[in-house]
Amino acid sequence: MIGDLLAIWQADTAFPSGAFAFSNGLEGLAALERGLPADRLEVVIEGALRRRWATADRVALLGAYARAGDMDAVAVIDREVEATTLCEAFRTGSRRNGAGLLAAHARIGTPGAAALQALVRSGDTPGHLAVAQGVVWRGAGLERDGAVLASGYIVASGFATAAVRLGLVGAVAAQAVVRRLLPVVAELAATDPPERIESFAPLLDIAAARHARGELRLFSN
Amino acid sequence: MTRPLDLSGETASGRHRRAELTFALGGGRSALVHQVTPYPFHVTRPFALDRARPDLATLYLQSASGGIYRADQLDLSLTVKVGAAAHLTSQAATVVHDTGALPARQSATITVGENAFAALTLDPLVLFPGAELSSVTEIRLGAGALAIVADGVAWHDFSGEDRPFGRLTAETAVYGPDGRLLLRDRSEVRGAELIGERSLLGPDAGAYGAVWLLGPPEKLPDPETLEAALDAVGVRAGASPLPNGAGLGLRLIAANGGRITRAVEAAFTLGVEAMLGFAPARRRK
């Protein structure tokens, strides 16, 4: 039971990880497409879950979770995330989110958090979010499956929250989208991850790259 | 009686062929010093198309067989030695036919020597219904090396029924002078995910691609200028600095492969201007 509660604790947007500053390309996409109706929003989030979260973020998370006691191995995974995150706005966002999560857990005293934070601060590893999640969630006592579900939920919920803040959909419509995507997260969480990180999200990459140079922005990416 | 050579999909399939092209600087030009181009590969002779840089050799790569068939494995090695400059391009798109239960594979290995320049800008692949392909591109950069590498994919159902291609697995990896991985772009997508209203690329997309402009920041075009040039040819594009200082990456989405071709031409022109300091002549198709 405590495993489920720990996953809920980490998926809760009240946890101070700094993720609220990022739209994961949604703000740029809304600008590119001059709006984004709820049905299109759902397609975009589902695509990001299937072809980015499940095949990239989840792979890094699981790798770091499995090797949480070996910081050299964690750093190898972290550098792989750096090399495979081709859009600068997503790289920067992922590192900043990772730093935020590590800072919170270091203060809480979660095992592994301070050690990884020290490596990041020394410049030995970039400290990407999925890698930080793998290490600190293992240290905090989350079970493997709970960690994967929390990670997937945060992605779906993060998109929906950003859509509300951007005025693309109302709060209730956004939650209807999240509800419809929960089975997708559950389905993907139960599949075997690819052996190596892979990602297919050209539309979000384009939107985020263009958005990164915009002068009027609500979100960092 | 001699039977005519049958190059249909059934009999031309399952080939494992490797082409090798090596350029080296000599006598003020980039000479093709090593060439192995077994069927179905075919290349023209090198052309010096640019008055400003007669040492830049341009070659057209052609497929002599009408495309890629089931179980094919076609490998290409392009080596540009120290200080040399070479551009390998094509005159038309390559069709990937229905591969049935036997997916096709292709690879390109590009080795760019110290202070050399290499460009590989082939027309997009056109994936037919049922086509399944794995494509791997590996780029190894020497110190001071510059490179422009483009890839693109379009899909087409000749029956007009919007039947999707099977699956595309693609990987591009770039390594620096010390052998360290600078970037890896690996993806897998099914054709059905790119058709109709729920397409991952948006409902109007019929093609996508990428251009990798590899080199130090002072040798790269301005991202906004690139995007504006591609807007002008009707292509959605986003340019971003690549990880580990590898250069600039450009993602492309378009209504069809023809627009991807024009976008790659525009990116090549701007890339050469920034990297080599002159406007290249148009590579005629």
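Anything mentioned here points back to the structure above.
Residues numbered from 1 in each chain as written. Chains lettered and ligands numbered in written order. Predicted model: local features only at pLDDT ≥ 70, side-chain atom pairs only at ≥ 80, totals over all residues. Heavy atoms only, no water.

## Looking at the overall build of chain A
In terms of regular secondary structure, chain A is built from ten helices and zero strands. Secondary structure of chain A in N-to-C order comes out as α-α-α-α-α-α-α-α-α-α. Scaling as 2.2 N^0.38, a compact globule of 221 residues should have a C-alpha radius of gyration of about 17 Å, and chain A matches this with 16 Å. The burial tally for chain A puts 54% of its 221 residues in the buried class. For chain A, the exposed area adds up to about 9300 Å²; of that, 55% sits on carbon and sulfur atoms. In chain A, the 22 positive side-chain charges and the 23 negative ones have mean positions that sit 5 Å from each other. (Helix = DSSP H or I, 4+ residues; strand = E, 2+ residues; numbered from the N terminus. Rg over C-alpha atoms; globule rule 2.2 N^0.38 Å. Buried < 20%, exposed > 50% of the residue type's maximum accessible area, 1.4 Å probe, protein only. Areas by Shrake-Rupley, 256 points an atom, 1.4 Å probe, with all protein chains shown as cover. Lys, Arg positive; Asp, Glu negative; His and termini not counted. Charge placed at Lys NZ, Arg CZ, Asp CG, Glu CD.)

## Observations regarding a nonpolar patch on the surface
A cluster of nonpolar side chains, A:I2, A:L5 and A:I8, forms an exposed patch at the surface whose accessible area comes to about 330 Å². Mapped onto the elements, A:I8 comes out in helix α1 (residues 2-11). (Patch = residues over 30% accessible without salt bridge, like charges linked within 9 Å, V, L, I, M, F, W, Y side chains within 5 Å. Salt bridge = Lys/Arg side-chain N within 4 Å of Asp/Glu carboxyl O.)

## A closer look at the interface of chain B and chain A
Each partner contributes to the interface: chain B provides 37 residues, whereas chain A provides 28 residues. Both faces considered, chain B and chain A share a buried interface measuring about 2900 Å² in area, 53% of it formed by carbon and sulfur atoms. Together, B:R184, B:R186 and B:R236 form the three largest contributors to the area buried by chain B at its contact with chain A, with a combined 21%. Put simply, B:R236 and A:E33 hold a salt bridge, and the shortest N to O gap is 3.3 Å. There are 15 residue pairs in polar contact (both at pLDDT 80 or more) connecting chain B and chain A. Per-class residue counts for the side of chain B that touches chain A are 18 nonpolar, six polar and 13 charged. (Contact = heavy atoms within 4.5 Å. Buried area = accessible area lost by both parts, 1.4 Å probe. Polar contact = N/O pair within 3.5 Å; in protein donor to acceptor, adjacent residues only side chain to side chain. Nonpolar A, V, L, I, M, F, W, Y, C, P; charged D, E, K, R; others polar.)

## Some thoughts on helix α5 (residues 88-108) of chain A
Residues and elements named next belong to chain A. Across its 21 residues, α5 extends 30 Å between first and last C-alpha, which sits within 8% of the 30 Å expected from 1.5 Å per residue. Listed as buried for α5 are A89, F90, R91, G93, S94, N97, G98, L101, L102, A104 and H105. G109, located one to two residues past α5, shows a positive phi value of around 90°. (Expected span 1.5 Å × (residues − 1).)

## Points about the pattern of salt bridges
Residues and elements named next belong to chain A. For the structure shown, the criterion picks out 27 salt bridges over all chains. One salt bridge in this structure joins E33 and R40, with 3.2 Å as the shortest N-O distance. A relative accessible area of 22% places E33 in the partly exposed class. A residue is classified by how much of its surface remains accessible, and R40, at 10% relative accessible area, is buried.

## Considering the nonpolar core
A:L49, B:L194, B:Y208 and B:L214 are the most contacted members of the largest nonpolar core, which totals 122 residues. Sort the elements by how many residues they give to this core and helix α3 (residues 38-66) of chain A lands first, with 14 residues. Aside from chain neighbours lying at most four places away, what touches A:L49 is A:A54, A:G152, A:V155, A:A156, A:L181, A:V184, A:V185 and A:L188. Core analysis: the second largest hydrophobic core is formed by 32 residues, B:V235, B:A237, B:A266 and B:F278 among them. (Core = buried A, V, L, I, M, F, W, Y, C linked by side-chain atoms within 4.5 Å.)

In short, the description is geometric, and any link to function would need to be established separately.
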